[in-house]
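For reference, the chains in residue letters:
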Amino acid sequence: MFDQLSRPLDYAEQLLVRFAALARSRDNRELQQGLAEAAGALSGSALSQLYLLDVTHTQLNLTAQWRDGRSCSRDGGTLSSDYRDQQLLQYCLTQNRPLHIDDLHGSLYQTDFLPADAGQWRCLTCLPLQDGEQHVSGLLLLAGRAGQAFQAYEESLQLLGNFTLQQLQLLQHNQPASPPPPAVTPSTALARSYGLIGESTAMQRVYQLIGKVLHNPVTVLITGETGTGKELVARAIHDYGSRRSENFVVQNCAALPEHLLESELFGYRRGAFTGADRDYAGLIASADGGTLFLDEIGDMPLSLQAKLLRFLQESEVRPLGSNETRRVDVRIITATHQDLQSMVSKGLFREDLYYRLTPFPIRLPPLRERGEDIALLALRFADEACRFLHRSPCSWGEGTLQQLSSYSFPGNVRELKGMIARALLLCEDNLLLPEHFNLPADSGPATGMNLRDRLELVERNLLLDCLQRNQGNQTSAAQELGLPRRTLLYRMQRLNISPADLRTRERHHVQPGQ
């Protein structure tokens, strides 16, 4: 009996012991480090690392590391949000396939994510891990200094890693409820870098939807009124997604007649038609490996819709005048300001193509539904216009931003941007006043806002003006308004007023009382 208890455990028994230990963990850090230790011990690797994607799927974080039989610091920290230079890690994430390299010596791949102070790494295995929703959310990496066959541990370690990710989800769900952090999926900074300026609830929903499709090849349909920034959203999906290193090709379907649009998309062979004096690959082939953005898809002729549908089904393209097909890997993103479902019912758009294009719709809100974003957009556009015109930053007169925020902007963001540029050319002494914007005389609060929204907008601007006059001193502002300080703080919290709002107004010289 003693001999049986003292004998070394075989691999299957060791694996069960590790599963049991992870199941007993009640702390995120303990779980993550436990997986790294288990992977290193079970495989005999000199190094095991656990990487997890953040909630935006734009950053890959090194969360646990086990090296030479002991826990150690997480040297890599957070990789760049673009981690495009880490081809090995990116391949496993985007392809959801294990990667085994038996000899790293002389390899052309970058291995900057491996510790540089641990000698010469000779072999590497990288395993994608899935969470409870079957989304690839992390990587388990093993490395050794001598030739080792980590492939033999692939299946068992992936099971262990997937189990750990599911346990992490359960721990998060079971934690006591706490105030949710600001919705930044993807981060507001990421969205702003592509012109998606806005902190309204409507735009936060858009950011969340973008984050869902960055690393998923699903076809996306972007809808919204003219001027809402549909192409900017498509660019954000491409530039922060798994195809970021490949081409982003754009074609407006309303810009060309049918026969030219077909040859532009699918290409042609020399002699296919009059004027075809050379071979042309076409936009679809040019986007191979990347993204094709078809703007105003509702204007595509019905006959060409059939050919596009066949391409979506077969992933093959045949140029005009050719009998040969070419297989391509292209992500399709489309956009329209029209109601495609209504067009389908009227026979103006193919129903089968409609369902192919709409597995993941993203609706961009019109500017009248983003009242609190108008001031942010106006300030940004004014800064950009001043730099373009080589002028010093402009100032804003009292009531100017408020009047802009009350206008409905039927032309949306595009109209606002043009209005700002015109106002800068008209203003004197670099001071923007309401009369420089040529707003209709009867322009009242945005038609998309109800009475409560309008009253809150007026109150918010009133409080901001008062706080600015008092250099942010809340006690002085409360006295001026005839309110208890506690009431002022409550109203500021309810209207989402923060010190950052005051700094923004001061930075752009919004002048109360002028």
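On a predicted model such as this, the values are computed, not experimentally measured, just so you know.

Peer 1: Quick question: what am I supposed to make of the sheet that holds strand 9 (residues 291-295) here?
Peer 2: Sheets are built from strands that pair by backbone hydrogen bonding, the pairs being arranged parallel or antiparallel. Across the sheet, which stays open at both edges, the five strands sit in the order 8-9-12-7-13 with parallel pairing between neighbours. Two strands bound the open sheet, and with one partner strand each, they are strand 8 (248-252) and strand 13 (360-363). With strand direction ignored, the average angle separating the axes of adjacent strands in the sheet is 20°.

Peer 1: Can you walk me through the packing of aromatic side chains in this structure?
Peer 2: What describes a pair of aromatic rings is the distance from one ring centre to the other and the angle between the planes of the rings. Counting across every chain of the model gives eight aromatic pairs. Measuring from centroid to centroid gives 5.2 Å for Tyr 354 and Tyr 355, while their planes differ by 70°, and the two rings are edge-to-face. Taking the relative accessible area as the measure of exposure, Tyr 354 reaches 13% and is therefore buried. With a centroid separation of 4.6 Å and 70° between ring planes, the pair formed by Tyr 407 and Phe 409 is classed as edge-to-face. The exposure class assigned to Phe 409 is buried, which follows from its relative accessible area of 0%. If you follow Lys 307 out to its NZ or CZ, it ends over the ring of Phe 266, 4.7 Å from the centre.

Peer 1: Which parts of the structure should I look at to understand the sheet that holds strand 3 (residues 70-71)?
Peer 2: Pairing is antiparallel across the open sheet formed by six strands, whose spatial order is 3-2-1-6-5-4. Two strands bound the open sheet, and with one partner strand each, they are strand 3 and strand 4 (99-101). Across seven bridges, the pairing between strand 1 (residues 47-53) and strand 2 (residues 60-67) is antiparallel. Across the sheet, residue Leu 50 finds its bridge partner in strand 2, namely Ala 64.

Peer 1: Would you mind going over the nonpolar core with me for this structure?
Peer 2: When a protein is soluble and globular, its nonpolar side chains tend to lie buried together. With 33 residues, the main nonpolar core has Leu 265, Ile 284, Leu 292, Ile 297, Met 300, Phe 311 and Phe 349 as its most contacted residues. Elements represented by at least two residues in this core include exactly helix 9 (258-266), helix 10 (283-286), strand 9, helix 11 (302-314), helix 12 (340-345) and helix 13 (351-357). At five residues, helix 11 tops the list of elements feeding residues into this core. Each residue touching Phe 349, except ones within four places of it in the same chain, is listed here: Ile 297, Gly 298, Leu 302, Gln 305, Leu 340, Met 343, Val 344, Tyr 354 and Leu 357.

Peer 1: Teacher, can you tell me more about the pairing of strand 6 (residues 136-144) here?
Peer 2: On any regular strand, side chains alternate: one points to one face of the sheet, the next to the other face. With nine of nine residues buried, strand 6 lies mostly within the body of the structure. As defined by bridge partners, strand 1 adjoins strand 6 across six bridges and the pair is classed as antiparallel. Directly across from Leu 50, in strand 6, lies its bridge partner Leu 140. Turn length for the strand 5 (residues 123-130)-strand 6 hairpin, with the two strands adjacent in sequence and antiparallel, is five residues, and the turn residue Gln 134 shows positive phi of about 65°.

Peer 1: Where do I start with the pattern of salt bridges in this structure?
Peer 2: It is possible for side chains bearing opposite charge to pair when their charged atoms get close. For the structure on display, the rule yields 14 salt bridges. Of the charged contacts in the structure, one is a salt bridge between Arg 18 and Glu 37, with a shortest N-O distance of 3.7 Å. With a gap of 19 residues between them, Arg 18 in helix 2 (residues 11-24) and Glu 37 in helix 3 (residues 28-43) connect regions that are remote in the sequence. With relative accessibility at 24%, the residue Arg 18 sits in the partly exposed group.

Peer 1: How should I be thinking about the confidence of the model for the chain in this particular structure?
Peer 2: Detailed reading of the predicted model is not advised wherever pLDDT is low. Confidence in the prediction of the chain, expressed as mean pLDDT, is 81, and 83% of residues score 70 or more. No element of the chain has a lower mean pLDDT than helix 1 (residues 2-6), at 38, and none a higher one than strand 7 (residues 220-223), at 96. Scored below 50 in pLDDT, residues 1-7 shows one contact in the model against residues more than four places distant or in partner chains. Confidence drops under a pLDDT of 50 for residues 75-82, and excluding neighbours within four residues, the segment shows 23 contacts in the predicted structure.

Peer 1: I'm lost on the environment of Cys 394 in this one. Help?
Peer 2: Relative to the helices and strands, Cys 394 is located in the loop between helix 14 (373-388) and strand 14 (395-397). The class for Cys 394 is buried, based on a relative accessible area of 2%. A sequence separation of 37 residues divides Cys 394 from Leu 431, and the C-alpha atoms of the two residues are 5.9 Å apart.

Peer 1: Help me understand the packing of helix 18 (residues 474-481) against helix 19 (residues 485-494), please; the structure alone is not making it clear to me.
Peer 2: Between two packed helices, what matters for the description is the angle formed by their axes and the separation of those axes. Look at helix 18 against helix 19: their axes get within 9 Å of each other, and the N-to-C directions meet at 100°. One way to sum up the angle between helix 18 and helix 19 is to call them roughly perpendicular. On the side of helix 18, the interface is formed by Gln 474, Thr 475, Ala 477, Ala 478 and Leu 481, while helix 19 contributes Arg 485, Leu 488, Leu 489 and Met 492.

Peer 1: Quick question: what am I supposed to make of a nonpolar patch on the surface here?
Peer 2: A grouping of Phe 388, Leu 389 and Leu 425 is seen on the molecular surface, where their side chains present a nonpolar patch of about 350 Å² in accessible area. For Leu 389, the position within the fold is in the loop between helix 14 and strand 14.

Peer 1: Is there a simple way to explain the packing of helix 9 against helix 11 in this structure?
Peer 2: Following both chains from N to C, one finds helix 9 and helix 11 inclined at 15°, their axes separated by 10 Å at the closest point. By the angle between their axes, helix 9 is roughly parallel relative to helix 11. Note on packing geometry: the crossing formed by helix 9 with helix 11 is left-handed. Contact with helix 9, carried on its side by Glu 258, Leu 261, Glu 262, Leu 265 and Phe 266, involves Ser 303, Leu 304, Lys 307, Leu 308 and Phe 311 of helix 11 and no other residues of that element. Residue composition of the contact of helix 9 with helix 11, by class: six nonpolar, one polar and three charged.

Peer 1: Is there a simple way to think about the side chain of Arg 244 in this case?
Peer 2: Assignment of secondary structure puts Arg 244 in the loop between helix 8 (230-239) and strand 8. Take Arg 244: its relative accessible area is 5%, and that puts it in the buried class. Engagement of the side chain of Arg 244 in a polar contact is seen with the backbone oxygen of Tyr 240, the distance being 3.2 Å.

Peer 1: Help me out: how do you make sense of helix 4 (residues 87-95) in this one?
Peer 2: For an α-helix the count is 3.6 residues per turn, leaving residues at separations of three or four pointing the same way. Within helix 4 the residues assigned to the buried category are Leu 88, Leu 89, Gln 90, Cys 92 and Leu 93. In the core, the buried residues of helix 4 are packed alongside strand 1, strand 2, strand 4, strand 5 and strand 6. Looking one or two places after helix 4, you find Asn 96, whose phi comes out positive at around 55°.

Peer 1: Teacher, can you tell me more about unusual backbone geometry here?
Peer 2: If a residue is not glycine, its phi is most likely negative; likewise, a peptide bond is most likely trans. Here Phe 409, not a glycine, exhibits a phi torsion of approximately 50°, which is positive. Even without being a glycine, Asn 430 presents a positive backbone phi close to 60°. On the secondary structure map, Asn 430 appears in the loop between helix 16 (412-426) and strand 15 (431-432).

Rules used in this analysis
Residues numbered from 1 in each chain as written. Predicted model: local features only at pLDDT ≥ 70, side-chain atom pairs only at ≥ 80, totals over all residues. Heavy atoms only, no water. Pairing = 2+ DSSP bridges. Helix = DSSP H or I, 4+ residues; strand = E, 2+ residues; numbered from the N terminus. Axes fitted to C-alpha atoms, helices over the stretch in contact; angles between N-to-C directions. Phe/Tyr/Trp six-rings, centres within 6.5 Å; stacked < 30°, edge-to-face > 60°. Buried < 20%, exposed > 50% of the residue type's maximum accessible area, 1.4 Å probe, protein only. Lys NZ or Arg CZ within 6 Å of the ring centre and 35° of its normal. Core = buried A, V, L, I, M, F, W, Y, C linked by side-chain atoms within 4.5 Å. Contact = heavy atoms within 4.5 Å. Salt bridge = Lys/Arg side-chain N within 4 Å of Asp/Glu carboxyl O. pLDDT = per-residue confidence, 0-100. Parallel < 35°, antiparallel > 145°, perpendicular 65-115°, else oblique. Patch = residues over 30% accessible without salt bridge, like charges linked within 9 Å, V, L, I, M, F, W, Y side chains within 5 Å. Areas by Shrake-Rupley, 256 points an atom, 1.4 Å probe, with all protein chains shown as cover. Left-handed = near helix turned anticlockwise from the far one by under 90°. Nonpolar A, V, L, I, M, F, W, Y, C, P; charged D, E, K, R; others polar. Polar contact = N/O pair within 3.5 Å; in protein donor to acceptor, adjacent residues only side chain to side chain.

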